[in-house]
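# Overview (structure and organization)
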Amino acid sequence: MAAAAVLPVLGSGAAPAVAAPAGAATSAAPGRGCPLVVRGTVLHFLDDPGDPPDPATWELFEDGALVVGADGRIAWTGHARDLPPGLSAGAERVDHRGKLIVPGFVDTHIHAAQVDVIASYGEQLLQWLDTYVFPAEARFDDRAHARALSGFFLDRLLAAGTTTATVFPTVHPTSVNAFFEQAEQRNLRMLCGKVLMDRDPYAPAYLRDASVAQAEWETRELIARWHGRGRLGYSITPRFAPTSTVKLLTMVGRLWNDHPDLWIQTHAAENEDEVALVDELFGGRSYIDVYDRHGLLTKKSLFAHCVHIDDTDRTRLAEAGSAIAFCPTSNLFLGSGLFDLRAAREQKVTVGLGTDVGAGTSYSALVTLNEAYKVTALRGGTLSAQRGFYLATLGGAKALDLDGVIGNFRRGKEADFTVLDFAATPVLARRTEVSESFAERLFALMILGDERAVAATYVMGRRVHERAARG
Ligand SMILES: [Zn+2]
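Not measured: the values here are computed from a predicted model.

Basis of the calculations
Residues numbered from 1 in each chain as written. Predicted model: local features only at pLDDT ≥ 70, side-chain atom pairs only at ≥ 80, totals over all residues. Heavy atoms only, no water. Helix = DSSP H or I, 4+ residues; strand = E, 2+ residues; numbered from the N terminus. Buried < 20%, exposed > 50% of the residue type's maximum accessible area, 1.4 Å probe, protein only. Polar contact = N/O pair within 3.5 Å; in protein donor to acceptor, adjacent residues only side chain to side chain. Contact = heavy atoms within 4.5 Å. UniProt positions renumbered as here; feature names shortened; annotations may be inferred. Phe/Tyr/Trp six-rings, centres within 6.5 Å; stacked < 30°, edge-to-face > 60°. Lys NZ or Arg CZ within 6 Å of the ring centre and 35° of its normal.

This next bit is on the side chain of aspartate 450. Position of aspartate 450 among the secondary structure elements: in the loop between helix H15 (438-448) and strand S16 (454-459). According to the relative accessible area criterion, aspartate 450 is buried, its value standing at 16%. In terms of polar contacts, aspartate 450 uses its side chain to reach the side chain of arginine 452, at 2.8 Å. Those residues in contact with aspartate 450 that sit more than four places away from it in its chain are Ser364, Leu366 and Val367.

Moving on, we get to the UniProt feature "domain: Amidohydrolase-related" (unreviewed entry) in the chain. With numbering aligned to this structure, UniProt lists the feature "domain: Amidohydrolase-related" (unreviewed entry) at residues 101-464. Helix makes up 44% of residues 101-464 and strand 17%, whereas the separation of the span's terminal C-alpha atoms amounts to 15 Å.

Right, let's talk about the packing of aromatic side chains for a bit. Counting across every chain of the model gives 14 aromatic pairs. On the basis of an interplanar angle of 65° and a centroid distance of 6.1 Å, the ring pair of phenylalanine 45 and tryptophan 58 is categorised as edge-to-face. Of this pair, phenylalanine 45 sits in strand S2 (residues 36-45) while tryptophan 58 is found in strand S3 (residues 58-68), placing the two residues 13 residues apart along the sequence. Looking at phenylalanine 45, the relative accessible area reads 1%, which means it is buried. One Lys or Arg, arginine 441, reaches over the ring of phenylalanine 422 and ends 4.7 Å from the middle of that ring.

What follows is the structure, given as structure tokens:
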């Protein structure tokens, strides 16, 4: 089995696999210094392929090349035979022929503070939070712990081929600072923001904002420090309705109105008991309506789960330009329910893919797509490999309103990409060998792939992860 290794975060693109010195201080560097030409099979999406998938929505270059400029941005992509000589003169060259180069995966919902509770036994959402999650999150007021776990977490994302995520830390400003520091050191495009939770007793006393005023003050300080710094963006992060007072949700709506360039992320309608609790606490037409009443449905808002919503909710989400994070491994693990991907598409709601670690059971977008396919099948639908890879790349970028800078290989976009190996395991290699079309190979990769299929991960054209040689 292939093991994972993490390269020095700012090493040259062709650096050998050596461990970064512990605690090495690095600073963010926007570019890569000299151009890079990468050979391989290149696939990226220009739009949602739909169902059945429309080939006009993607570009596939089976013997393709990608040119990254010295500034770390995409300079050119196409058939290798058409490579413009002027662009490749003096460039470093990397050969990934036989492997698939796709834009870096985008994870639209995940928790950096739940590293240690992944695979915790036997509970559904509300009990799972009380039993496992809240005690683990309490440890994040410790700076050293927050820093160590944030670094571990980001390295797991890179090893899974994920280069952008929108991330929940904890209620502690320390957790936000630790996360952004680690993301900045790796020059990653990441969204994050202090978790807001003030409602007694659903937010436990040891993990509760002392007051809405203090929560707002801390949030404003963090926004001033981190939002727009390098590749980082701030997301206002009320945990979910049950841990929020009306006063807190009102503050979030006001804050976003003051700063409409910020993001908003939260959870919605994940589990039936939770939906009933929200009805008891807030009343109104629906769970989504609670957020709507407080001005939280915006074009920069992302709602994780939305398993138990109706057509009116979907219409409102679509009208507002808000997005849903579809988190199949989490929804299955906690027994929350089956997300209706087809209904979301029919009602034109933007959907991205979320791993939702630690309720989710894998950091891998490929594993998540495998489960997404099964959840969609249980709802009577299908999920093609093309649409799956779209959701994990450009679809995620659109859900985060980041498709102007990442998500595909259009010229000028930031060169975050992932190299996938069709022969990563004997089963995948064999299945690939007997496949009769690229679509068939891509589907096998989506269903059988995991971190072992990630041969390398690049950020702004620099290689930041390489799978270790098999031993
Ligand atoms: Zn979550």
